[in-house]
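# Structure assessment
As a plain string of letters, each chain reads:
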Amino acid sequence: MKPLDRFPDEAAAIDYLIQIGKATNRTGARKYLKARVPLEPKYQEKIMKYLKKRYPKAYIWKAAAGPYSRGGVPDIIAMIDGRFYGFGVKRPYYGKPSDLQRQAIKAILANGGYAGTVCFPEEAERIIERSRQ
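Okay, so let's go over this structure. (Residues numbered from 1 in each chain as written. Predicted model: local features only at pLDDT ≥ 70, side-chain atom pairs only at ≥ 80, totals over all residues. Heavy atoms only, no water.)

## A word on the overall build of the protein chain
Rules: Secondary structure elements follow DSSP: runs of H or I of four or more residues count as helices, runs of E of two or more count as strands, with numbering from the N terminus. Buried residues are those whose accessible area, probed at 1.4 Å on protein chains only, stays under 20% of the maximum for their type, while exposed residues exceed 50% and partly exposed ones sit between those limits.
The number of helices and strands found in the protein chain is 5 helices and 4 strands. When the helices and strands of the protein chain are placed in sequence order, the string is α-α-α-β-β-β-α-β-α. Its C-alpha atoms give the protein chain principal-axis dimensions of about 50 × 30 × 25 Å. The buried share of the protein chain, taken over its 133 residues, is 40%.

Structure (structure tokens):
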């Protein structure tokens, strides 16, 4: 079975689940899919691990959320080769950035940093690569 979080969109994953017999209808397939696509911390962990391995000299950290933290701050912050990056990590298909998160990304971009919403390490890498062009 293909990884359920790697389809271009939820509809394609649902069609696949019906095709392979994991569900008989779209409602059942959606429920099956939602229960099996990992939550955001799993994707944050994968992205952090990738960035630390790919850029061992970089300064990379996970922003902690809590009562005294600032809302909208990207989940992962990195300084790579003198450039500031903010990665808001979302769950495929279901995670959507909040208004505060969109504003934070916009502010980072307006101040010369690089930022975006990502689900996978390769999406974070694309933002980094674009910054080098």
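Back to the write-up after that little detour.
## Digging into the side chain of R91
Put simply, the test is: Here the positive residues are Lys and Arg and the negative ones are Asp and Glu; neither His nor the chain ends is included. Here, a salt bridge means any side-chain nitrogen of Lys or Arg that lies within 4 Å of a carboxyl oxygen of Asp or Glu. N or O atoms within 3.5 Å of each other form a polar contact, as long as, within protein, one can give a hydrogen and the other can take it, and as long as residues adjacent in sequence are counted only when both atoms are side-chain atoms. What makes two residues a contact is simply this: any of their non-hydrogen atoms within 4.5 Å.
By the element assignment, R91 lies in the loop between β3 (83–89) and α4 (99–110). Although R91 is buried, it forms no salt bridge, and the closest oppositely charged side chain is E40 at an N-O distance of 7.6 Å. Reaching out from R91, the side chain makes a polar contact with the backbone oxygen of P38 at a distance of 3.2 Å. When neighbours within four sequence positions are excluded, R91 is seen to be in contact with K34, V37, P38, L39, E40, Y43 and C119.

## Focus on the sheet that holds strand β4 (residues 114–118)
Inclusion rule: Paired strands are those between which DSSP finds at least two bridges. Fitted lines through C-alpha atoms serve as axes, helices being fitted only where they are in contact, and the angles separating the N-to-C directions of these axes extend from 0 to 180 degrees.
One open sheet holds the 4 strands; their spatial order is β1-β2-β3-β4, and the pairing between them is mixed. Bordering the open sheet on either side are β1 (59–62) and β4, each of which pairs with just one other strand. Adjacent strand axes in the sheet meet at a mean angle of 15 degrees, parallel and antiparallel pairs treated alike. Inspection of the sheet shows β1 paired to strand β2 (residues 76–80) by 4 bridges, in the antiparallel sense. Across the sheet, residue W61 finds its bridge partner in β2, namely I77.

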